[in-house]
Amino acid sequence: MLESQLQRILKNPELTVDEKEQQITQFLHSLPGKGVNEIVEFIINTNDGIAANYLANYLSILPNYDQNKRKIVEQAIHQKRHLLSAVVNLVKDLPDGLLDQLINAYFQNPSSSDLYNIIFEVAQFFPEKLHKFDDQIEDEYLRQAILTGGSDRWVDELVRKYYEDQNPQHLQDLAWFRTDKALDALLSLAPTVPEEDLEDVYAYIESSGVFPDTRLASVYFENYRGYVVSREESPHHMGGSFPYPVPKCPFTDTPANRILSLDTSQLDLDLESPHNPTFFWYEGEHPPDCIYVQFTDEGIIGLMTPMTEGEVGTDLIPGELALKLEEYPCKYGRGMAAIPGFANHQVGGYPPLIRFERFPRCPICGQGMQFLVSIDSGMTPFGSLGFTGILYGFWCDPCSVSCTYGQTDE
Ligand SMILES: [Zn+2]
C-alpha cells in the first residue's frame, strides 16, 4: 500500500520535487497513526535512498516518535550505511549514545560523503559534542561550528590574532561562541575596531546575548523546539482567523497572516507583559522589512504600518494550526549559520540567524528588542509554509510590542 502509492508519486514525471514532497506528506499524514509504523517498516527493508529520504523527512517534522526515529538511524548505521544521508534530518532527535556512534563512525572514515552529511547535522544541533575532536577536524564548516560553546583558550587565541592582523573574520568567529568569555572579548574589542566594523561587532554582541549599550539581555534563557501541529494539539496558535485588525501592505493592501501567537502562561520565559505576543507577516511584491505592533487592552495597534478592517491573510500558514513546543536544552545555541527550509522552529534561546544583523529597536521606548521566536520555512504535515527563509520574532516586554522580520539565503 505504502510502496505502491509512494512509487506512483515518485515516478510521476509531471511533478516537481516540492510537489512530490507535498503529495507524499499529505498521503502519509492521512494514514492511520500518521503512517509512522509503515514508514519504519519500509525504510528498514528498502535500499531506495530517494524514497527513504522523503519518508524520513516527513517523520522529522512530526513531534515525538523518538523510538521510531532512533530505530531507523540505528538500522542505517549498522546495516545500510548508504541510507545514512537519506535519514539525516532525524539526527536532531537522537539520544547521546547514538550520536556518539555516528560521530565515531565519521572520524573512522572522514572521507565518506554519507557520514559527512550526518556530521554536518550533528555540528549544527550539537556543536559541543565535536569539541574533543578539534585536532581531527579540517573541514571549514565544521571548524566554524565547533566554535559554539568553545573553550576560553580558543577565545584568547582569536583575540591575540585580532590584535596581530586586525582581520575582522576573527571578530565574527568570536560571535559563534556565545560564552561569557567570548562576549567579554567582543565587548572589550568593540572600542578598538575601525568605525566601519563597529555595526558588525554590535550585531555579534547582540546575538551573543546582550545589548552593547545597556548590557541588558537580548535573548531568553529557555530554549524550545517547535513542531507545526493541528489546532487542538497546542495553545500556541498559527494561521487561521484573528479577532483584531492585522497589519497590511501599504501598497497592495495584502493582509498579514498570523504567523504565531505564544501563550506565555504555558512557557517559562519570565515575561511580565499581560499580553500574549503575536507575530505577523505578509509577502508579495512589496515585502516588509519589519512589522511592528503593540498589544493593548483595547486590541492591537499597528506601529508604522496600516491595519486591515479585520480581514487576515491565510496564504502563508496552511490552515488553522498551532506550534507544539518542547524544551530543547541547547546551552550555547546552534552551530553555524542557519540553513532555511527544514522546519526548524524555535522559541527562546539564541537566534538561528542566516547572517548576523542587529536586533530591532522598540518604536515606543527605543530599547533593543529581545529575540523570542524563529519560524523556519519548509514543509508541515498540512502542506508547505508560504514564505521563504526564516522569520524572526522579537519582543519588548515593558511596552508589549512585537516585531517580525525575515532573512533569506538569497
Ligand atoms: Zn519598548
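Note that the structure is a prediction, hence the values are computed from the model and not measured.

So, about the domain arrangement of the protein. Structurally, the protein comprises domain 1 (2–140), domain 2 (152–207) and domain 3 (220–407). Centre-to-centre, using C-alpha coordinates, domain 1 lies 28 Å away from domain 3. Facing the 20 residues of domain 1 at the interface are 23 residues of domain 3. Summing the contributions of domain 1 and of domain 3, the shared interface buries around 1,900 Å²; its carbon and sulfur component is 58%. The interface formed by domain 1 and domain 3 holds two salt bridges in total. Between Asp93 and Arg225 there is a salt bridge, with the nearest N and O atoms lying 2.9 Å from each other. The tally of links from domain 1 across to domain 3 stands at six residue pairs in polar contact (both at pLDDT 80 or more). Of all elements in the fold, only α2 (17–29) and α7 (113–125) reach the threshold of two or more residues within the side of domain 1 that touches domain 3. Split by residue class, the side of domain 1 that touches domain 3 holds eight nonpolar, seven polar and five charged.

Strand order across the open sheet formed by nine strands is β2-β7-β1-β8-β9-β12-β13-β5-β6, with antiparallel pairing between neighbours. Pairing within the sheet leaves two strands with one partner each, and these edge strands are β2 (237–238) and β6 (299–303). In terms of strand pairing, strand β1 (residues 220–230) meets strand β7 (residues 321–327) through seven bridges, oriented antiparallel. By the bridge assignment for β7, Ser230 is matched with Leu321.

With that settled, the discussion passes to the coordination of the zinc ion. Around the zinc ion, the protein supplies Cys362 (SG), Cys365 (SG), Cys396 (SG) and Cys399 (SG) as donor atoms, at distances of 2.3 Å. Each donor residue of the zinc ion lies on one chain, and together they are spaced C-x2-C-x30-C-x2-C.

Examined against the element boundaries, Thr25 turns out to sit in helix α2. Discounting residues that sit within four places of it in the chain, Thr25 has contacts with Tyr58, Ile61, Met379, Thr380 and Pro381.

Inspection of the secondary structure assignment puts His345 in strand β8 (residues 345–349). Take His345: its relative accessible area is 3%, and that puts it in the buried class. A C-alpha to C-alpha distance of 4.8 Å links His345 and Ile375, two positions 30 residues apart in sequence. Other than its neighbours up to four places away in sequence, His345 contacts Tyr224, Arg225, Gly226, Val228, Leu323, Ser374, Ile375, Asp376 and Leu385. In terms of polar contacts, His345 uses its side chain to reach the backbone amide nitrogen of Asp376, at 3.1 Å.

Conventions adopted
Residues numbered from 1 in each chain as written. Predicted model: local features only at pLDDT ≥ 70, side-chain atom pairs only at ≥ 80, totals over all residues. Heavy atoms only, no water. Domains from an automatic or database assignment. Contact = heavy atoms within 4.5 Å. Buried area = accessible area lost by both parts, 1.4 Å probe. Salt bridge = Lys/Arg side-chain N within 4 Å of Asp/Glu carboxyl O. Polar contact = N/O pair within 3.5 Å; in protein donor to acceptor, adjacent residues only side chain to side chain. Helix = DSSP H or I, 4+ residues; strand = E, 2+ residues; numbered from the N terminus. Nonpolar A, V, L, I, M, F, W, Y, C, P; charged D, E, K, R; others polar. Pairing = 2+ DSSP bridges. Donors = N, O, S within 2.8 Å, 3.2 Å for Na, K, Ca; no water. Buried < 20%, exposed > 50% of the residue type's maximum accessible area, 1.4 Å probe, protein only.

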